[in-house]
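What the coordinates show
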Amino acid sequence: MGVGIWALLVFIGIIVFWNLVLKRNIAEAMLAGFIATSLFGGTKVFDLIWSGLVFAGTNEVLYASVAFVFMAYVIDHTAIIASLVKILNSLLGRLPGGAAYVDTIASAVMGTLAGSNSGNTATTGSITAPWMVQSKFSRERAATIVAGNGGLGAALPPSASMFIMLGFAPIAAVVSEGDLYVALFISGVYQVIYRVFLIMYFVKRDNIKTISPEFIQPLKEAFRTGWKSTLIFFGALIPIVVTIGPLAESFMANPNIGEDAMDSISLITWIPILIILISMIVGWTKLPKSAEGWFDFLNKAIPRFSTIGALLVFAYASSQVLTDLGLPEDLTTVMGSISISKWLMVLLISLLVALVAGPLSSTATLTAIGMVAFAAMVSAGVDPLLAVVAILVFASTEGASPPASGSIFIAASLAGASPEKTFVPLIVYYVVPILLIGYLIAMGILPVPI
């Protein structure tokens, strides 16, 4: 094996050891892994460190990811999600099992705005878990649904997992952020549709009835007080419409604009910017009104950047170091020497990612094996974009993967359930079907735009 593969194995080992054995922060593991991989360069160690840090520091995805973190903070502070959930309650609350449907849709909404599995579970589940119990769902069933839906935080763009995959130099060279955003959104829609049908099955199986109307705010009232919260979706809709489809084609054909100008528009940069602006306009009454208040507001946002910022900087820097050490060429050589069919390779990668995502978070999983999984699938004949989307779908099982998923314990706490009683249902109803969705996407059976 080449030095690039040995460096990768050490990198993975350090991440697992640092995170699981030492119980330390994943950002620290990234730093340790970055230094260790650079040492494989011998006398060129400082050149590799500099090359990696320059790549990370000039990476557009890094700045976009920081913007998304701040966007989630602003949305949370302005209480926009609470208004959206009230509207969803009014729309779906009168259905048998309405709370479960609300949790599913609200988790999808949160997934497109914040991208955090645990945060998704805590935010939506705090309202819907007790409501499901009131609706006569068992506590274990309510916890299973909330934890299973929490995975939509990583399944829908934007997410830290998506940024990590885009940050790998070999992937960034063949997959654009715009194409990945749209394709991952479509794959997320498949997951949402599956979850809706699953709720229908649970409602029928558990004989769930409608609940008292007193728990539901009239739609007219909910919309009257919270309709402005729906405007934040224009923050994602406008950049997508401008850059993809007929309008984008007309702009490209316009000699005063042209393809170069359109290609310079980044979805992952403009979406958080617009959503932040719209959120501040909609929720201006909850924003500070003095210099001291703004200082406190921004100061409280800083801790949110510390872990994800360090994680992404050293993950991207490490990917560049591994590239400089010849990892892509080494992997190509190894994979080329393995005679294995496409369907079997995709199956093995799905199981590998799911197994690693059990004890690790989706971000740590992809940092450790995302590049290997991508190279293996592409070498087996999978389209690069479909390979990235499928890997992200596989990794999104982290929210429902026992025994170490934070979403499981958050959901169990909210529903008053025993966490261990949700393990088997989560595997049967969420982990396995989601892996199947990713498998079908990689094989080209479930269509996504490429």
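As annotated in an unreviewed UniProt entry, the chain is TRAP transporter large permease subunit from Metabacillus herbersteinensis. Entered under Subcellular location (unreviewed entry) in the UniProt record, the comment concerning the chain runs "Cell inner membrane".

Observations concerning the packing of aromatic side chains
Applying the stated criterion to the full structure yields six aromatic pairs. Both rings, one in Tyr201 and one in Tyr429, keep their centres 6.3 Å apart while their planes meet at 45°; by these two values the pair is tilted. Of this pair, Tyr201 sits in helix α12 (residues 177–205) while Tyr429 sits in helix α24 (residues 423–442), placing them 228 residues apart in sequence. For Tyr201, a relative accessible area of 39% gives the class partly exposed. With relative accessibility at 16%, the residue Tyr429 sits in the buried group. Geometrically, the ring pair formed by Phe202 and Tyr429 is edge-to-face, given 5.0 Å between the ring centres and 85° between the ring planes. Remark: Tyr429 occurs in helix α24 and Phe202 occurs in helix α12; sequence separation between them is 227 residues. One exposure class covers both Phe202 and Tyr429, and it is buried.

So, unusual backbone geometry
The phi dihedral of Asn207 is positive, around 55°, even though this residue is not glycine. For Asn207, a relative accessible area of 51% puts it in the exposed group.

Focus on the environment of Thr285
Position of Thr285 relative to the elements: it lies in the loop between α17 (267–282) and α18 (291–324). Given a relative accessible area of 54%, Thr285 falls into the exposed group.

Here's the deal with the environment of Phe314
With respect to the helices and strands, Phe314 occurs in helix α18. Exposure remark for Phe314: the relative accessible area of 17% places this residue in the buried category. For the pair Phe314 and Gly52, spaced 262 residues apart in sequence, the C-alpha separation works out to 8.2 Å. Not counting the four nearest positions on each side in its chain, Phe314 is found in contact with Ala27, Met30, Leu31, Phe34 and Leu53.

What counts, and where the lines are drawn
- Residues numbered from 1 in each chain as written.
- Predicted model: local features only at pLDDT ≥ 70, side-chain atom pairs only at ≥ 80, totals over all residues.
- Heavy atoms only, no water.
- UniProt positions renumbered as here; feature names shortened; annotations may be inferred.
- Phe/Tyr/Trp six-rings, centres within 6.5 Å; stacked < 30°, edge-to-face > 60°.
- Helix = DSSP H or I, 4+ residues; strand = E, 2+ residues; numbered from the N terminus.
- Buried < 20%, exposed > 50% of the residue type's maximum accessible area, 1.4 Å probe, protein only.
- Contact = heavy atoms within 4.5 Å.

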